[in-house]
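Understanding the architecture of this molecule
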Amino acid sequence: MIALEKTHAREGLWQVEAPVPEIGPDDVLIRVKKTGICGTDVHIWNWDEWAANTVPTPLITGHEFAGEIVELGRNVKDLALGQRCSGEGHLIGTTSRQSRAGKFHLDPATRGIGVNEQGAFAEYVRLPAFNVVPLPDEISDDIGAILDPLGNAVHTALSFDLIGEDVLVTGAGPIGIMAAAVARHAGARHVVITDVNPDRLALATRVADVVPVNVAERELSEIIGQLGMLQGFDVGLEMSGNQAALDQMVEAMTMGGRIAMLGIPPGKSPVDWSRIVFKAITIKGVYGREIFETWYKMIAMLQNGLDVSGLITHRFPAAEFEAGFAAMMSGASGKVVLDWT
Ligand code: NAD
Ligand code: ZN
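Everything numeric here is computed off the predicted structure, so don't read it as measured data. (Residues numbered from 1 in each chain as written. Chains lettered and ligands numbered in written order. Predicted model: local features only at pLDDT ≥ 70, side-chain atom pairs only at ≥ 80, totals over all residues.)

Some details on the overall build of the chain
Check the secondary structure of the chain and you find twelve helices and 18 strands. A compact globule built from 341 residues would reach a C-alpha radius of gyration of about 20 Å, and the chain, at 20 Å, matches this within 12%. When the 341 residues of the chain are sorted by exposure, 49% land in the buried category. Taking contacts inside the chain between residues at least 6 apart in sequence as the whole, the part at least 24 apart equals 68%. (Helix = DSSP H or I, 4+ residues; strand = E, 2+ residues; numbered from the N terminus. Rg over C-alpha atoms; globule rule 2.2 N^0.38 Å. Buried ≥ 20, exposed ≤ 12 C-beta atoms within 10 Å, placed from the backbone. Contact = placed C-beta atoms within 7 Å.)

In structure tokens:
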């Protein structure tokens, strides 16, 4: 089969001919139809410090996918050949305290496809049947291919009650925009999204009913007054990984505000912790998706009017992956989807 591989420990990805994966008794084989390019894939392409310390070579990369089941392990009884599906790319163990308590997303032994294990940028991917998420007919393969990052957005956004709340999303990358769309769908009052990149803010307003703020040009305090908020935001969703954004968020929160952080700041962060203490702010770190409650909620919301299709700005045949990565790296894209059919 054709696959995109991190063959060499340096910048780039290589298209290779690889054997179709052999499946175990509890696995399925999935014919991949569409894949999303993630920021993580860009880190792996660039071979930054994190990637060099984390990703073994050679490794087929990619973890955002939709496809169809073409082979079932002998123990797999509740899935069928031909089933359209996406799947949770975090492979979890069953022996940790967290897993045994049913908190699979907190398992310390988690391994990721396309990061630690063979991934989905290929014509076929092997996945434990446990990880498969069947797709209802009304969810397209394109949307199926971006459920992994939508799941990050949903997990983060639904961390706190949003109904009637004023929500600040910092970072209008693909995941921030999706989180803003989820907050709007879930019944927030005002949803404000910040970035320093005008292309990203313009995309955000095309995908969701949000107030865009370019924090390179405007202060958040102006917006708080303009929108008639009492003191500041009730809920903050940090989606940029940028230190300045977290500081701006803390300043813009109301007393007793709640912050969920998905963005990954580089290194240790010099935050003014006294502001967090005196404002009695709750901060929650978010990793991955809740397995499988996030998947359940996300699919239900997509069936009930949540529309993030406008976020897919580029589509390429898999053979044109270099153009796909260039679009991702341009900073002007939303999600980029590769077609493996
Ligand atoms: P992205 O890099 O595409 O988007 C981040 C955005 O933040 C960019 O548009 C950038 O211009 C913007 N930004 C930079 N400085 C800013 C500032 N001062 N204020 C507001 N915005 C600013 O990232 P993404 O793919 O949308 O992912 C969002 C974040 O979530 C990243 O940090 C990523 O590493 C992280 N992530 C975490 C998990 C997890 O499990 N915790 C999973 C996936 C992604
Ligand atoms: Zn991803």
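Comments concerning the site of ligand 1
Looking at ligand 1, there are 27 residues lining it, with G171, G173, S240, G241 and A245 nearest. In terms of residue count, the dominant contributor to the shell around ligand 1 is helix 6 (residues 174-186) (three residues). Among the residues forming the shell around ligand 1, the class breakdown is twelve nonpolar, 13 polar and two charged. (Near = placed C-beta within 6 Å. Nonpolar A, V, L, I, M, F, W, Y, C, P; charged D, E, K, R; others polar.)

Regarding the nonpolar core
Where a protein is soluble and globular, its nonpolar side chains tend to be buried together. The biggest cluster of nonpolar side chains holds 98 residues, and the ones touching the most others in it are V28, V167, I177, M178, A179, A180 and A204. Beyond its immediate chain neighbours, meaning those up to four positions away, A180 contacts V169, V191, I193, A204, A208 and V210. (Core = buried A, V, L, I, M, F, W, Y, C linked by C-beta atoms within 7 Å.)

Notes on helix 7 (residues 198-207)
Along helix 7, the residues classified as buried are R200, L201, L203, A204 and V207. Each buried residue of helix 7 sits inside an arc of 160° when the element is viewed along its axis, so together they form one side. Contacts from the buried residues of helix 7 go to helix 6, strand 12 (191-195) and strand 13 (211-214). (Arc of directions from axis to C-beta.)

As for the UniProt feature "domain: Enoyl reductase (ER)" (unreviewed entry) in the chain
With numbering matched to this structure, UniProt assigns "domain: Enoyl reductase (ER)" (unreviewed entry) to residues 12-338. Taken end to end, residues 12-338 is 30% helix and 26% strand, and its two terminal C-alpha atoms sit 17 Å from one another. (UniProt positions renumbered as here; feature names shortened; annotations may be inferred.)

Some words on the confidence of the model for the chain
Fine structural detail should not be taken from predicted coordinates in areas where pLDDT scores are low. Taken over all residues, the pLDDT of the chain has a mean of 97, while the share at 70 or more is 100%. Across the whole predicted complex the pTM is 0.97, and at the interface the ipTM reaches 0.99. (pLDDT = per-residue confidence, 0-100.)

Here we look at the sheet that holds strand 2 (residues 14-17)
Read across the open sheet, the three strands follow the order 2-1-4; overall the sheet is antiparallel. The open sheet terminates on both sides in strands that have one partner only, identified here as strand 2 and strand 4 (59-60). (Pairing = 2+ DSSP bridges.)

A word on the environment of D307
Relative to the assigned elements, D307 resides in the loop between helix 11 (293-303) and strand 17 (312-317). According to the C-beta neighbour criterion, D307 is partly exposed, with 13 such atoms within 10 Å. Taking the C-alpha atoms as reference points, D307 and V207, 100 residues apart in sequence, are found 7.8 Å from one another.

Brief notes about the sheet that holds strand 15 (residues 253-261)
Within the open sheet, the six strands sit side by side as 13-12-11-14-15-16. Their pairing is parallel. Here the strands that pair on one side only, and so sit at the sheet edges, are strand 13 and strand 16 (282-285). In this sheet, neighbouring strand axes are inclined to one another by 20° on average, regardless of whether the strands run parallel or antiparallel. Where strand 11 (residues 167-170) and strand 14 (residues 233-238) come together, four bridges link them in parallel fashion. Pairing of T170 across the sheet is with E238, part of strand 14. Running over the sheet, helix 6 touches strand 11, strand 12 and strand 14 and is turned about 170° from strand 12. Against the sheet, helix 7 contacts strand 12 and strand 13, and its axis sits at roughly 175° relative to strand 13. (Axes fitted to C-alpha atoms, helices over the stretch in contact; angles between N-to-C directions.)

Examining the packing of helix 5 (residues 147-157) against helix 6
The packing of two helices is summarised by the inter-axis angle and the distance between the axes. Where helix 5 contacts helix 6, the axes come no closer than 8 Å and their chain directions differ by 50°. Considering their axes alone, helix 5 and helix 6 lie oblique with respect to each other. By crossing handedness, the relation of helix 5 to helix 6 is classed as right-handed. Here P149, L150, N152, A153, V154, T156 and A157 of helix 5 lie close against helix 6, whose contacting residues are P174, I175, M178, A179, V182, A183 and A186. Here the contact of helix 5 with helix 6 is built from residues that sort into twelve nonpolar, two polar and no charged. (Parallel < 35°, antiparallel > 145°, perpendicular 65-115°, else oblique. Left-handed = near helix turned anticlockwise from the far one by under 90°.)

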